[in-house]
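# Working through the structure, step by step
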Amino acid sequence: MTAEKMIIEIKDWIREAADFIQTSLTTDFAVSQKSGRTDLVTSIDEETQTLLIKKIKEHYPADKILAEEKGYSTIDSLAGRVWIIDPIDGTMNFVMEQENFCIMIAVFEDGIGKLGFIYDVMKDELCWGGKGIGVFLGEQRLIQPKNLGLSAGLLGMNAYMFGEDIHCARKIGHASMGVRVSGCAGIEMIAMLKGNHIGYVSNLSPWDYAAGIVLLEEFHFSYSTIEGKALSFSGREYFLAATPEAYSEIKTNFLDK
Ligand code: IPD
Ligand code: CA
Ligand code: CA
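Residues numbered from 1 in each chain as written. Chains lettered and ligands numbered in written order. Predicted model: local features only at pLDDT ≥ 70, side-chain atom pairs only at ≥ 80, totals over all residues. Heavy atoms only, no water.

By the naming in an unreviewed UniProt entry, the protein chain is Inositol monophosphatase, taken from Enterococcus wangshanyuanii.

Another aspect to go through is the coordination of the calcium ion (ligand 2). Metal coordination angles have textbook ideals: 109.5 degrees for a tetrahedral set of four donors and 90 or 180 degrees for an octahedral set of six. In the first shell of the calcium ion (ligand 2), the protein supplies Asp 86 (OD), Asp 89 (OD) and Asp 208 (OD), at 2.1 to 2.3 Å from the metal. Within one chain, the residues donating to the calcium ion (ligand 2) are spaced in sequence as D-x2-D-x118-D. (Donors = N, O, S within 2.8 Å, 3.2 Å for Na, K, Ca; no water.)

In this section: the site of ligand 1. As a matter of local geometry, ligand 1 sits amid 15 residues, with Asp 89, Gly 90, Thr 91, Asn 203 and Arg 236 nearest to it. One nitrogen or oxygen atom from the main chain of Ile 88 is found 3.2 Å from an oxygen atom belonging to ligand 1. Residue Thr 91 places a main-chain N or O atom 2.8 Å away from an oxygen atom belonging to ligand 1. Protein chains bury 85% of the 370 Å² of accessible surface belonging to ligand 1 in isolation. Every element with two or more residues in the shell around ligand 1 is listed here: β4 (81–89) and β12 (197–204). (Near = heavy atom within 4 Å. Polar contact = N/O pair within 3.5 Å; in protein donor to acceptor, adjacent residues only side chain to side chain. Areas by Shrake-Rupley, 256 points an atom, 1.4 Å probe, with all protein chains shown as cover. Helix = DSSP H or I, 4+ residues; strand = E, 2+ residues; numbered from the N terminus.)

Turning to the packing of helix α6 (residues 185–194) against helix α7 (residues 206–218), a few remarks are in order. The contact between α6 and α7 brings their axes to 9 Å, and the two run at 10°. Comparing their axes, α7 and α6 come out roughly parallel. Here Ala 185, Met 189, Met 192 and Leu 193 of α6 lie close against α7, whose contacting residues are Asp 208, Tyr 209, Gly 212, Leu 215 and Leu 216. Taken together, the residues of the contact of α6 with α7 break down into 7 nonpolar, 1 polar and 1 charged. (Axes fitted to C-alpha atoms, helices over the stretch in contact; angles between N-to-C directions. Parallel < 35°, antiparallel > 145°, perpendicular 65-115°, else oblique. Contact = heavy atoms within 4.5 Å. Nonpolar A, V, L, I, M, F, W, Y, C, P; charged D, E, K, R; others polar.)

With that settled, the discussion passes to the sheet that holds strand β9 (residues 140–141). The strands making up a sheet are joined through hydrogen bonds of the backbone, oriented either antiparallel or parallel. Read across the sheet, 7 strands follow the order β3-β4-β5-β6-β7-β8-β9 without closing on themselves; strand pairing throughout is mixed. Of all the strands in the sheet, the pair left with one neighbour each is β3 (64–67) and β9. Across 6 bridges, the pairing between strand β6 (residues 112–120) and strand β7 (residues 125–130) is antiparallel. Bridge assignment links Gly 116 to a residue of β7, and that residue is Gly 129. Across the sheet, α7 touches β3, β4, β5 (102–109), β6, β7 and β8 (134–137), and the angle it forms with β6 is around 110°. (Pairing = 2+ DSSP bridges.)

Here the domain parsing of the protein chain yields domain 1 (3–141) and domain 2 (150–255). On a C-alpha basis, the centroid separation for the pair domain 1 and domain 2 is 21 Å. For the pairing of domain 1 and domain 2, the buried interface totals around 2,100 Å² over both sides, and the portion due to carbon and sulfur atoms is 74%. In terms of surface lost to domain 2, no three residues of domain 1 exceed Met 104, Ile 118 and Val 135, which account for 23% of the buried area on that side. Linking domain 1 with domain 2 are 1 salt bridge. For the salt bridge of Lys 194 with Glu 125, the shortest nitrogen-to-oxygen distance reads 3.1 Å. Here domain 1 is connected to domain 2 by 7 residue pairs in polar contact (both at pLDDT 80 or more). Of all elements in the fold, only β3, β4, β5, β6, β7 and β8 reach the threshold of two or more residues within the side of domain 1 that touches domain 2. (Domains from an automatic or database assignment. Buried area = accessible area lost by both parts, 1.4 Å probe. Salt bridge = Lys/Arg side-chain N within 4 Å of Asp/Glu carboxyl O.)

See below:
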């Protein structure tokens, strides 16, 4: 099986999932709380995940799947081929704004990121690519962003971390050109890949960062837990990604002190 074939299939599945989500937006879908009032899941999150998992199981029955909803949220190891899915990233935006949410799919092989897809559904913007393939926005190949320092660019941030000043988030934010908060990890990843933001500081689960890090790696961004460790692909972790220059400044000037 070639990467080309898989890329065509995944793009088709994302298109189908996005059509389903857009149609569902006009219906009276169910919204429920997970851990609390501000942690929501909808029937559309679950049904979109079911749609994508059905496709993977039909085409690649031997593969493993790690996904946010309904019994797929843990995995024994990253051995073999693993699909990592966030059916709707930015569910709060989906419910409250009906925009600014993404579908995200990543393919890993023995722990190595091979393909990543982030689709901003309402903007109709697909950022995709993979190891040795490059990074594309739709049909257009993106150019690797400049290696700007912290003071030269906008920094995406998790609102809670900035508000509560977790891991020096406020000082880091103030040292940048400005803080931006989208409420959607996928949108933050796309902003870095386009060269619009120099970095992203957040608190993420594997399906929030998997597709993004495949693409960031292709553009030689630096990323890790905020403590500088390798991401574990298990549970939530404080997450830092940035241009190599901004990453090193954030670590040296604010986190390793
Ligand atoms: C969330 C969003 C948000 C980030 C949270 C994620 P979800 O994903 O990406 O921006 O701050 O940590 O959980 O739950 O809407 O898929
Ligand atoms: Ca998410
Ligand atoms: Ca989600």
